[in-house]
Amino acid sequence: MSIAPFRKGSNVWVEDKDSAWIPAQVVHFLNNNQIQLLTSSGNKVLSSPQKLHLRDPDADLGGVDDMTKLTYLNEPGVLYNLERRYALDNIYTYTGSILIAVNPFTRLPHLYNAHMMEQYKGAPFGELSPHVFAVADVAYRAMMCEKRSQSILVSGESGAGKTETTKLIMQYLAYMGGRASGDDRSVEQQVLESNPLLEAFGNARTVRNDNSRSFLYEERHFKKDSVIKFLSDVHDVKCDYDIFLDERDIQRDARVYMYLYVPIISLLVLNAFLFSCSRFGKFVEIQFDMNGRISGAAIRTYLLERSRVVQITDPERNYHCFYQLCASGENSERYKLEDPTQFHYLNQSKTYELEGVSNADEYIKTRRAMTIVGISDTEQEAIFRTLAGILHLGNVEFSPGKEHDSSKIKDQKSSCHLQMVAELFMCDVNLLLSSLCTRSIQTREGTIVKALDCHAAIASRDALAKTVYSRLFDWLVEKINKSVGQDPTSRVQIGLLDIYGFECFKHNSFEQFCINFANEKLQQHFNEHVFKMEQEEYNKEEINWSYIEFVDNQDVLDLIEKKPIGIIALLDEACMFPKSTNETFANKLFQNFPSHPRLERAKFSQTDFGLSHYAGKVTYQTEYFLDKNRDYVVVEHCNVLSSSKCPLIAVLFPSISEETSRSSYKFSSVSSRFKQQLQALMETLNCTEPHYVRCIKPNSVNRPHIFENQSILHQLRCGGVLEAIRISLAGYPTRRTYAEFADRFGIIMPDAMDGSVDEKTITLKILQKLKLDNFQLGKTKVFLRAGQIGVLDARRTEVLESAARLVQGRLKTYIARRDFKSTRAAALSVQAYCRGCLGRRMFTEKKETVAAVSLQTYIRGWLAKNSYLQQYRSAIIVQSCIRGFFARQKFMLDKKHRAAMLIQAQWRMFKVQSAFRQHHKSVIAVQCLWRRKIAKQLFKKLKQEANEAGALRMAKSKLEKQLDDISLRFELEKRLRMSNDETKTAEIRKLHRILEAVSIELKEAKSENLKQHKVNEVLQSNLEVLVKEKDELEKCIVNVEEFKRENNILKSSLENMEKKNLGLEAELSRAQKENDHSIQKLHEVEQKCEQLQQNLKSMEEKMSNLENENLVLRQKALSLTPKSNRPGFIKPFSDMYSSALSLPYMEKKSIYETPTPAKHTPASQGLSESRLSKLTANQENNVFLSKCIKDNMGFQDGKPVAACIIYKCLLNWNAFDSERTTIFDQIIEGINAALKAGVENDVLPYWLSNASALLCILQRSLRSNSFLSAASNRSAGLTGRFSQGLKTPLKYIGFEDGISHVEARYPAILFKQQLTASVEKIFGLIRDNLKKEISPLLTSCIQAPKTIRSGKSSRSPGGVSQQQSINQWDSIIRFLDSLMNCLRKNHVSTFILPNIAHALTVRQIYRISTMYWDDKYGTQSVSNEVVAQMREMLNKDNQNLATNSFLLDDDLSIPFSTDDISKAIPAVDPMDVKPPAFTSEFPVAKFLLENSK
């Protein structure tokens, strides 16, 4: 650059060694083409014009949001624009369509909330401040409008915030096109949930970034450390607060520091994983449907750094998952994992822990992430087994074997590690050792086994470790993709590329070569895009432009990837030869490219080479190039691991075909595979519309508000930002809208700013006046060549300087006159102030004297009054204490007198009551004995009368009486309801009257309110007349306020009256509704009455039919023998039951049913032909029920299966509605047969549970007809109590316990009574068995001889009998335990269990207590007082006892009723029970299978 653009006082940028560029000002021009400059720091320096760049002095302090708006688009201008915006937390800046994001190293929550996303939704690009949401919105809108896939390329070096930027983009895309309703998680959430897993297996500490999610700084100071300790104790946050501390701030005010920085620290610690760097590239492809909704996603990874598994350098670390596994606790002990220092793959570096990071906590997060992405616990265990196997594999060492070029396990320690590897991989240890130490080669003659030396064995070991880890990582990525879900039908997607940035270290190896190769590819794509955007801008403004040349990096790409002599091709060729070394590779490289401009040989090394990339020169060390490029798949390794018993290992290593297994090695090049992946990525990007985000790391210490110029300048070069600026400089770098140009440079030509011409004409006149050429006028902007804006600024500065001199003269005159006026006004003010001060001082002294006198008067009066009040209170307290003492004494005497009288009365009442109770018990006992005697006589009489012919007529008469009772009840009910209706109508009339009275009061209140309003108007007119009179006005105002209050009271009362009116209307409507409801119920009752009359007629017809059949049956019975006159199935039934149970059964059987079922009597004797055909049709039903009764069907969820199946069958076959049926008899006979056939200890509890459950179901579901209550008084036992429950049939109408009620005929009710008798019988049998087992043992215990109690003879022969009695008690306990276990196993109700056991009487307890002797203390087992009390009770009870037996009483009564059982046993829903397996064999039971489905 020449000196022409510069003048004295020009603002320029000059290069600096530390700050890259610093601002300066031109001071002097020297003869030797040098310029003397004065820097901002005050130093004078010399520089040539070519090294200077113009600086805009009027630039906005906050910077510009788009670099293209800079007045001077150059390198320092870009750098310092970013710095100014970064200082204000404006971390985003545009460069055209490119977004530059500077990592703030702090949380900025206001930039990423839902409100911010709503602001950028649909906003035009560039209208709002730069933001990553704007780039995401542009990509989304372009995808939806153009139906074309988009891609967002996020690049930058480690720690620049690429991963966090990617997360924000996914967050915005999820906001714009979230999944459809019903999805639990968004794609953004699912991808982020997999981040901890990918970070654990793909991230590691490097020289540039440790990936530790914390900050590593140690600045020490006493005061600072105390503040840090305080913050750590209060907030319990594990973070190094030194990054925020400033010693001057702490010394100034420590409290302000704490309140200011603690919230920031908390946010940073919670989100410290912002600084995440991966050792692999990641491309997230978010798929959308045609409606713009997210339909799927996929993650692709590139170039995992496999060599890091087996080789690391200090101070780097291996992948995080290994350290997490060592700190996992139980897993580390299970897999014999010790400290990381004990493993070869981890102890190559001395860095094991990261400050502020807990490996154990990270392990828990990794396990949680695995669970979230759908990896089962078994697969997780297999993953960590594989990682542990890799660590143990690294500790396997080899030593030379006996043969030449052979190897073996070095020592016992290595052998133990190898054994552990085989256990973890679940493979054969010998095959694993053979695959490490030998190689097999397939030839035509056969297989040749070649031994490997120590170095080859170690290489084989490392190759196995790398292969296992890389395949495990690929498997995890595939698992994550399955968890996220992909949409194969999606046609548009947005790809997010989060890939490693350009790397240039002190030592650069194969990984840096591949990474920089990928960045070269992306940079070429970036340059093409930027050049295309420039051309689009020119075409949009319709200006004339010529082709712009820019430096292309295609020559570097050809040097790296071109075949057949590119660097990658030469590297693959060298890897295929076993004896190739890094020297041969380097020599061949320099031989093929002796004079390539981008390639050069290192100065102090024969094997290193340097490449000139777009971001600068990088020197690569080829020491490990060949080893890291080789990716041999050893067939022996695959064969060993494919036979593993671990499912995960077997999946990672599928079996290899025979053609593949002929060669022991399967060569694969890492660079070639990476080249193919990169080519596929570029093809994907070329098919999409790209958008660029360049992430910048502002400093190397990861602190906020620190801006390192040199580092950022290097990143701008590496990111291609300066290359984009250079492309812009090649064309028209300066672009201004006509309004901006006229506003800035209009002062150069003020004549043209009169408003007569437009802004474009003004711009043209200004440029023509300055005689500038080679500019272009577009539609909305003016385009200037580089340097032309400097000429315009110089001319503008001259105009401003001349104007400034004129303004300065005017200003100085104004300032001098203003100072004179202000001095004169100040003198007058001082004088007035002094006189005022003297006057106020005199007034204050007089005022203080008067106040002192007044204050003394009040104090003396207060002291005198206070002393008088104190004496007065003391006198009152003394008097009250004396009076209270006398009153309390009198009260205590009265209280004692009343207590004595109350005790005497209670004692006399107790004596009288005890005598009355004794007499009452005696009378009741005599009455019970007499009533029992009369009942037995009556029972015998009724039993005789039951066999006579008049029993049927008696039943008929009872039914007629019951019908009369029902009709009387109905009439009473009808009369009651009519009376209720009359009372309700009377109440309604009364409410109408009240409502009319209230309405009248309401009208009166309204009229009073109107009158009051008129009075208010009169008062207001009076107030207007009497305004001038002050006293009268005040009185009127008071009156008006009172009237207003009264008016408000009237208004409130009016509102209350209206509310009451509404309430009365609501009550009136409610009463009308109740009246309608009662009328409707009355109609229903009339309908039921008609139905009952019809039922009565049908009953009479049935009774006549039954009488005719009864006559026929009697005639047939007379022809038979007396033995055959009784039905065959009744005899065993009556033998098993007591007489009280058999009587009602026989009566009802003879009245309502056929004499005998077809199973026991010949068809010719008891059945007609129609009856025989009906029984034949129901034979299958009987067979199925008998199968259900014979087989032990068990229980389902505590529900008896047999009872539920029987009930469902009876309900489905309509057995409860049948007038005549034998199916109930079949069930009872089957139950009796099952009780006889089986073992009683097992069968009785089983059928007690089933019968009681079936009885409860019938009790809850059946409702009887009204004529069946006649048998309520025929049994005094359980059957009688059951029938009493049928006296009120209306009780069972409706639903109870969720089971629908069924109208039951007489056979069903009879079956219910028979089932009740069966329950009673089973209960009695169980209790009889219990008594049969316990009675002999209890007899031997109670009647055992007493032990001789003489002195201390505790070892007398009587001890033997005592020991026997103890054994007998143990036998009783064991029997009871077995019985209770059997009952619980059969789910017998806990309500029945306590009633089975017998209770001991006082007589038996007295006998047992007086039998035994306590040998230890020489006393009886029970105290003498207790024995005496029991003796008195026995003497009293001896008068009432019928027997003096000490054994169990023969009490045959049942201690509970059917209602008690139904209330105690929980409701059983038979529909939930699944049918048994044999149901499908019976066609009649197929409905059970359909219901279960």
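Residues numbered from 1 in each chain as written. Predicted model: local features only at pLDDT ≥ 70, side-chain atom pairs only at ≥ 80, totals over all residues. Heavy atoms only, no water.

So, the overall build of the protein: which residues are in play, and what are the values?
Check the secondary structure of the protein and you find 49 helices and 32 strands. Taking all 1493 residues of the protein together, 44% fall into the buried category. Contacts spanning at least 24 positions in sequence make up 72% of the contacts within the protein whose residues lie at least 6 apart. A total of about 82300 Å² of accessible surface is found on the protein, and carbon and sulfur atoms cover 54% of it. (Helix = DSSP H or I, 4+ residues; strand = E, 2+ residues; numbered from the N terminus. Buried < 20%, exposed > 50% of the residue type's maximum accessible area, 1.4 Å probe, protein only. Contact = heavy atoms within 4.5 Å. Areas by Shrake-Rupley, 256 points an atom, 1.4 Å probe, with all protein chains shown as cover.)

Outline the confidence of the model for the protein, supporting the account with residue identities and numerical values.
Mean pLDDT over the protein: 77, with 78% of residues reaching 70 or higher. Averaged over each element, pLDDT in the protein is lowest for helix α9 (residues 254-270) (31) and highest for helix α13 (residues 377-394) (93). Here residues 659-664 scores under 50 on pLDDT; set against residues more than four positions off or in separate chains, the count is 14 contacts. (pLDDT = per-residue confidence, 0-100.)

Could you give an account of helix α15 (residues 429-437), with specific residues and numbers?
When we look at burial in α15, the residues that qualify are Val-429, Leu-432, Ser-435, Leu-436 and Cys-437. Taking the backbone nitrogen of Asn-430 as reference, a side-chain oxygen 3.4 Å away marks Asp-428 as the first, capping residue of α15. (Polar contact = N/O pair within 3.5 Å; in protein donor to acceptor, adjacent residues only side chain to side chain.)

Mind laying out the nonpolar core, listing which residues take part and the relevant values?
Counting residues in hydrophobic clusters, the biggest one holds 158 residues, and the most contacted among them are Phe-201, Phe-322, Tyr-469, Leu-716 and Leu-792. With twelve residues, helix α16 (residues 454-484) is the largest single contributor of residues to this core. Leave out the neighbours within four places in its chain, and Leu-792 touches Phe-741, Phe-745, Ile-748, Ile-766, Leu-767, Leu-770, Leu-772 and Leu-784. (Core = buried A, V, L, I, M, F, W, Y, C linked by side-chain atoms within 4.5 Å.)

Explain the side chain of Asn-629 residue by residue, including any values.
Mapped onto the elements, Asn-629 comes out in helix α21 (residues 625-629). Taking the relative accessible area as the measure of exposure, Asn-629 reaches 0% and is therefore buried. If we ignore the near neighbours within four places in the chain, the residues touching Asn-629 are Phe-510, Leu-571, Asp-572, Cys-575, Ser-668, Ser-669, Val-670 and Ser-671.

A description of the packing of helix α19 (residues 567-576) against helix α20 (residues 582-592) should follow, citing residues and the corresponding values.
Interhelical geometry of α19 versus α20 gives an angle of 145° and a closest axis separation of 10 Å. Crossing handedness for the pair α19 and α20: right-handed. For the pair α19 and α20, contact is made by Ile-567, Leu-570, Leu-571, Glu-573 and Ala-574 and by Phe-585, Lys-588, Leu-589 and Asn-592, respectively. Here the contact of α19 with α20 is composed, by residue class, of six nonpolar, one polar and two charged. (Axes fitted to C-alpha atoms, helices over the stretch in contact; angles between N-to-C directions. Left-handed = near helix turned anticlockwise from the far one by under 90°. Nonpolar A, V, L, I, M, F, W, Y, C, P; charged D, E, K, R; others polar.)

Could you give an account of a negative patch on the surface, with specific residues and numbers?
Taken together, Glu-960, Asp-964, Asp-965, Glu-1100 and Glu-1101 make up a surface patch of like negative charges. When contributions to the negative patch are tallied by element, the ones reaching two or more residues are α31 (950-1025) and α32 (1030-1119). Per element, the largest residue contribution to the negative patch is three residues, and it comes from α31. Within the fold, Glu-1100 resides in helix α32. (Patch = residues over 30% accessible without salt bridge, like charges linked within 9 Å, V, L, I, M, F, W, Y side chains within 5 Å. Salt bridge = Lys/Arg side-chain N within 4 Å of Asp/Glu carboxyl O. Lys, Arg positive; Asp, Glu negative; His and termini not counted. Charge placed at Lys NZ, Arg CZ, Asp CG, Glu CD.)

Please give an account of the sheet that holds strand β2 (residues 20-29) that cites residues and values.
Pairing is antiparallel across the open sheet formed by five strands, whose spatial order is β4-β3-β2-β1-β5. Where the open sheet ends on each side, the last strands, each with one partner, are β4 (44-47) and β5 (53-54). Alignment of strand β1 (residues 11-16) against β2, held across six bridges, turns out to be antiparallel. Within β2, the residue paired with Glu-15 across the bridge is Trp-21. Helix α26 (residues 709-718) rests against β1 and β2 of the sheet, and its axis sits at about 105° to β2. (Pairing = 2+ DSSP bridges.)

Quick rundown of a nonpolar patch on the surface? Include the residues and the values.
The grouping of Leu-855, Ile-859, Trp-862 and Leu-863 at the surface amounts to a nonpolar patch, some 450 Å² of accessible area in total. Here Leu-855 is to be found in helix α30 (residues 788-946).

Tell me about the state of the cysteines, residues and numbers included.
Working definition of a disulfide: a covalent bond connecting the sulfur atoms of two cysteines. In total, this model carries zero disulfides according to the counting rule given. Cys-1209 forms no disulfide, and the closest cysteine sulfur to it belongs to Cys-1188, at a distance of 6.0 Å. Assessed through its relative accessible area of 0%, Cys-1209 is described here as buried. (Disulfide = S-S within 2.5 Å.)

Lay out the pairing of β1 with the relevant residues and their values.
Counting the residues that bridge the hairpin from β1 to β2 gives three residues. The pairing of β1 with β5 spans two bridges and is classified as antiparallel. The residue bridging Val-12 from the neighbouring strand is Leu-54, located in β5.

Lay out the pairing of strand β17 (residues 609-613) with the relevant residues and their values.
Most of β17 is tucked away, with four of its five residues classed as buried. When strand β16 (residues 599-601) meets β17, the two strands line up antiparallel, connected through three bridges. Counted as the bridge partner of Leu-599 is Leu-611 from β17. Direction of pairing for β17 relative to strand β18 (residues 616-620): antiparallel, over a ladder of five bridges. If you follow Phe-609 over to β18, its bridge partner there is Tyr-620. Counted along the chain from β17 to the antiparallel partner β18, the turn is two residues long.

An account of the side chain of Ser-580 is needed here, citing residue identities and associated values.
Positionally, Ser-580 belongs in the loop between α19 and α20. A relative accessible area of 17% places Ser-580 in the buried class. Here the side chain of Ser-580 touches Ala-574 through a polar contact of 3.0 Å, landing on its backbone oxygen. Setting aside residues no more than four positions away along its own chain, Ser-580 makes contact with Ala-574, Leu-626 and Arg-630.

For the packing of aromatic side chains, give the residues involved together with the corresponding values.
All chains considered together, the criterion is met by 29 aromatic pairs. Clustering of aromatic rings is evident, with ring pairs tying together Phe-510, Phe-513, Phe-585, Phe-609, Tyr-620 and Phe-625. In this structure, Arg-317 is placed above the aromatic ring of Tyr-323, and the distance from its NZ or CZ to the ring centre is 4.0 Å. Residue placement shows Arg-694 over the ring face of Phe-526; its charged tip is 4.3 Å from the ring centre. (Phe/Tyr/Trp six-rings, centres within 6.5 Å; stacked < 30°, edge-to-face > 60°. Lys NZ or Arg CZ within 6 Å of the ring centre and 35° of its normal.)

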